[in-house]
Amino acid sequence: MDRLFIFDTTLRDGEQVPGCQLNTIEKIQVAQALEKLGVDVIEAGFPISSPGDFNSVVEISKAVTWPVICALTRAVEKDIDVAAESLKFAKRKRIHTGIGTSPYHIKYKFNATQDEILERAIACVKYAKKYVEDVEFYCEDAGRTDNVYLASVVEAVINAGATVVNIPDTTGYCLPAEYGDKIKFLMENVKNVHKAVISTHCHNDLGMATANTMAGIINGARQTEVTINGIGERAGNTSLEEVVMILKSHKELAIESNVNTPQIYPISRLVSSLMNMPVQPNKAIVGRNAFAHSSGIHQDGVLKNRENYEIIDPTDVGIDTNTIALTARSGRAALKHRLHILGVDLSQERLEHVYEEFLQLADRKKDVNDDDILLLAGKERTESHRIKLEYLQVTSGVGIQSVASLCLNIAGEKFEAAASGNGPVDAAIKALKQIIHRQMTIQEFLIQAIDKGSDDVGKVHMQVEHNGANYYGFSANTDIIAASVEAYIDAINKFVK
Ligand code: KIV
Ligand code: ZN
């Protein structure tokens, strides 16, 4: 069996998604779950981009032992200095530096020539080598870079000391055969290629990220850059769970990773919950419907023999179909255990608090599932908010106009208002705007049920525009009108400090 190194970039490329930003504590939680999952490298951030990113790399370096901690830079000395400083506590460290190599980047981004870019590439690798032994170089937009020029860059950076060379399909443009041929070309034409590991990094703009990644691996790449749930800018990155389970299902490829696959589902839930980023129901491996058989023919077939219609045993990815649902009769220990399985370990005090909220939810909802309790555990994120909803009352129905009255607590002071509107949410938001006199418009409003049943918790994602910038709000509640207003308030709290 050949070994494939898993480079997780959920906390860097994944976290760049608008509205998905995590604080340092949440990033540490994800990093520790990634360590438990068995990834080889954690890309912890882009330290020069903000003090928050710098600090996260420092804290993740302290909190994680086994995986290599990687920090991203541009081919700029200052970036590399800052990245090296952020990695000072990492037990195993890597600097990931690079520059655009496609004609688009060379001409329009750098106004340079191929030779100048080649020189900058060599220089940045040599500079990073002064700080760390392990230097990865990325050829940004390699997907649209001519293979002969790309090979010359790869050869030069390996000569300069790069231990890994990353071949990103930055725009998600390549076809699988094209990307596979690119990796094959490098494996066959770069003289010193055996001195480094070639890495895939594919984006999903045309829905081909996983196919391209697999083509790259089959043609010789031995590191793959992926994110949990495939999150990432625009259409996202290659998803970790897909690549890992493809290798596990296709033993004939004789390539394996170190991933502890039963940890896949828990970390998928954790990332989705912390980032407020819903997983599409039909998402491969971790979507709610990935193992749900609804047609009669399929159900009958699965009952006769699971393998008739299932190529993966759900328990292999940590979906325990026998999980005992938590109910109002479950104790603190059961809740604590379930949270632990999901990668969340709370202090005793916080557990007490979450348990109280859990009991209230369990009174309203028969079975409390993993998503529900992850939402409760994450609620403290909103507890420090300046604006809170004290109460909300709405009257709505068919043939009558909706009316809402509410009370907001703004930094300890209470304000009440009432309004009528075109539906209960509209009425409530009009009332709220009587208290908060800001120009703001809802750009996106998504309501999603977590599970099933009329007692289900509804998750609301909202994007609110204010002064030309977009702010993201989220809430979950068994009452979707309340969840909508709370999500709106969550977004407002991002700009009203
Ligand atoms: O997609 C890309 O090219 C990247 C690089 C910065 C590695 O994310
Ligand atoms: Zn990327």
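Please refer to the structure higher up on the page.
Conventions and cut-offs
Residues numbered from 1 in each chain as written. Chains lettered and ligands numbered in written order. Predicted model: local features only at pLDDT ≥ 70, side-chain atom pairs only at ≥ 80, totals over all residues. Heavy atoms only, no water. Helix = DSSP H or I, 4+ residues; strand = E, 2+ residues; numbered from the N terminus. Rg over C-alpha atoms; globule rule 2.2 N^0.38 Å. Areas by Shrake-Rupley, 256 points an atom, 1.4 Å probe, with all protein chains shown as cover. Lys, Arg positive; Asp, Glu negative; His and termini not counted. Charge placed at Lys NZ, Arg CZ, Asp CG, Glu CD. Pairing = 2+ DSSP bridges. Axes fitted to C-alpha atoms, helices over the stretch in contact; angles between N-to-C directions. Contact = heavy atoms within 4.5 Å. Near = heavy atom within 4 Å. Polar contact = N/O pair within 3.5 Å; in protein donor to acceptor, adjacent residues only side chain to side chain. Nonpolar A, V, L, I, M, F, W, Y, C, P; charged D, E, K, R; others polar. Donors = N, O, S within 2.8 Å, 3.2 Å for Na, K, Ca; no water. Buried < 20%, exposed > 50% of the residue type's maximum accessible area, 1.4 Å probe, protein only. Parallel < 35°, antiparallel > 145°, perpendicular 65-115°, else oblique. Left-handed = near helix turned anticlockwise from the far one by under 90°. Core = buried A, V, L, I, M, F, W, Y, C linked by side-chain atoms within 4.5 Å. Phe/Tyr/Trp six-rings, centres within 6.5 Å; stacked < 30°, edge-to-face > 60°. Lys NZ or Arg CZ within 6 Å of the ring centre and 35° of its normal. Salt bridge = Lys/Arg side-chain N within 4 Å of Asp/Glu carboxyl O.

Chemist: So what exactly am I meant to see when it comes to the overall build of the protein chain here?
Modeler: Of regular secondary structure, the protein chain possesses 18 helices and 16 strands. The C-alpha radius of gyration of the protein chain comes to 25 Å, within 12% of the 23 Å expected for a compact globule of 497 residues. By principal-axis analysis of the C-alpha atoms, the protein chain measures approximately 75 × 60 × 45 Å. Total accessible area on the protein chain is roughly 22,200 Å²; 51% of this is exposed by carbon and sulfur atoms. Separation between the mean location of the 52 positive side-chain charges and that of the 65 negative ones in the protein chain comes to 2 Å.

Chemist: Quick question: what am I supposed to make of the sheet that holds strand β13 (residues 413-421) here?
Modeler: Pairing between the strands of a sheet is mediated by backbone hydrogen bonds and can be parallel or antiparallel. Spatially, the three strands line up as an open sheet ordered β11-β12-β13, and their pairing is antiparallel. The open sheet has two free edges, formed respectively by β11 (387-395) and β13, since each of these has just one partner strand. Each neighbouring strand pair of the sheet contributes to a mean axis angle of 15°, computed without reference to strand direction. Where β11 meets strand β12 (residues 402-410), eight bridges bridge the pair, whose relative direction is antiparallel. If you follow Lys-388 over to β12, its bridge partner there is Asn-409. Packed onto the sheet, helix α17 (residues 424-435) meets β11, β12 and β13 and runs at close to 135° relative to β13.

Chemist: Help me out: how do you make sense of the site of ligand 1 in this one?
Modeler: As a structural note, the neighbourhood of ligand 1 is formed by Arg-12, Asp-13, His-96, Tyr-138, Glu-140, Asn-166, Pro-168, Thr-170, His-201 and His-203. Contact between ligand 1 and Asp-13: an oxygen atom at 3.2 Å from a side-chain N or O atom of the residue. In this structure, an oxygen atom belonging to ligand 1 sits 3.0 Å away from a side-chain N or O atom of His-203. For ligand 1, the protein covers 93% of the area, taking 260 Å² as the surface of the free molecule. For the shell around ligand 1, the secondary structure elements donating two or more residues are α1 (10-14), β6 (135-140) and β7 (164-169). Considering only residue class, the shell around ligand 1 consists of two nonpolar, five polar and three charged.

Chemist: Quick question: what am I supposed to make of the coordination of the zinc ion (ligand 2) here?
Modeler: Any two of four tetrahedral donors ideally make an angle of 109.5 degrees at the metal, while pairs among six octahedral donors ideally make 90 or 180 degrees. At this site the zinc ion (ligand 2) is bound by Asp-13 (OD), His-201 (NE2) and His-203 (NE2), with donor distances of 2.0 to 2.1 Å. Mapped onto the polypeptide sequence, the residues donating to the zinc ion (ligand 2) form the spacing pattern D-x187-H-x1-H. His-203 shares its class with His-201; the two are buried.

Chemist: Just to check I follow, could you spell out the packing of helix α4 (residues 77-86) against helix α6 (residues 114-129) for this structure?
Modeler: In a pair of packed helices, the angle between the axes and the distance between the axes together describe the arrangement. Two elements in contact, α4 and α6, have axes whose closest approach is 10 Å; the angle formed by their N-to-C orientations is 25°. The pairing of α4 with α6 is recorded here as roughly parallel in orientation. Judged by the sense of rotation from one axis to the other, the crossing of α4 with α6 is right-handed. Mapping the contact onto sequence places Glu-77, Ile-80 and Asp-81 in α4 and Cys-124, Tyr-127 and Ala-128 in α6.

Chemist: What am I meant to see in the sheet that holds strand β8 (residues 197-202) here?
Modeler: Sheet architecture is closed into a barrel: eight strands sit in the order β2-β3-β4-β5-β6-β7-β8-β9, paired in parallel fashion. Neighbour to neighbour, the strand axes of the sheet diverge by 25° on average, direction disregarded. The pairing of strand β4 (residues 68-72) with strand β5 (residues 93-100) spans four bridges and is parallel. Residue Ile-69 lies in a different strand from β5, and its bridge partner there is Lys-93.

Chemist: Got a minute to help me understand the nonpolar core in this structure?
Modeler: Generally speaking, nonpolar side chains in soluble globular proteins are found buried as a group. If you look at the biggest cluster of nonpolar residues, it comprises 108 residues, and the most contacted ones within it are Phe-137, Val-154 and Ile-167. Setting aside residues up to four positions removed in sequence, Phe-137 forms contacts with Thr-97, Gly-98, Ile-99, Ala-121, Cys-124, Val-125, Val-153, Val-157, Ala-162, Val-164, Val-165 and Asn-166. Counting residues in hydrophobic clusters, the runner-up holds 29 residues, among them Ile-429, Ile-436, Ile-481 and Val-496.

Chemist: Explain the packing of aromatic side chains here, please?
Modeler: Here the distance between the centres and the angle between the planes together describe a pair of aromatic rings. Summed over all chains, the structure comprises three aromatic pairs. Ring plane angle 80° and centroid distance 6.1 Å describe the contact between Tyr-127 and Tyr-131, whose orientation is recorded as edge-to-face. Here Tyr-131 falls in the partly exposed class, since its relative accessible area comes to 42%. The positively charged end of Lys-62 is found above the aromatic ring belonging to Phe-89, 4.8 Å away from the centroid. Stacked on the ring of Tyr-104, the Lys or Arg Arg-144 has its end atom at 3.9 Å from the ring centre.

Chemist: Can you help me understand the pattern of salt bridges in this one?
Modeler: Here the idea is simple: oppositely charged side chains can pair when their charged atoms come close. Under the definition given, this model contains 23 salt bridges. Across the salt bridge formed by Glu-352 and Arg-332, the nearest N and O atoms sit 2.8 Å from each other. Of the two residues, Glu-352 sits in helix α14 (residues 348-364) while Arg-332 sits in helix α13 (residues 332-341), which places them 20 residues apart along the sequence. As a salt-bridge pair, Asp-426 and Lys-430 come within 2.9 Å of each other at their nearest N and O atoms. With Asp-426 and Lys-430 both in helix α17, this residue pair falls four residues apart, about one helical turn.

Chemist: It is not clear to me how helix α10 (residues 240-249) should be interpreted in this structure. Could you clarify?
Modeler: Counting buried positions over the ten residues of α10 gives seven, a clear majority of the element. Taken as a whole, α10 has its buried residues at Leu-240, Glu-241, Glu-242, Val-243, Val-244, Met-245 and Leu-247. Packed against the buried residues of α10 are β2 (5-8), α2 (24-37), α9 (209-218), β9 (223-226), β10 (255-256) and α11 (264-275).

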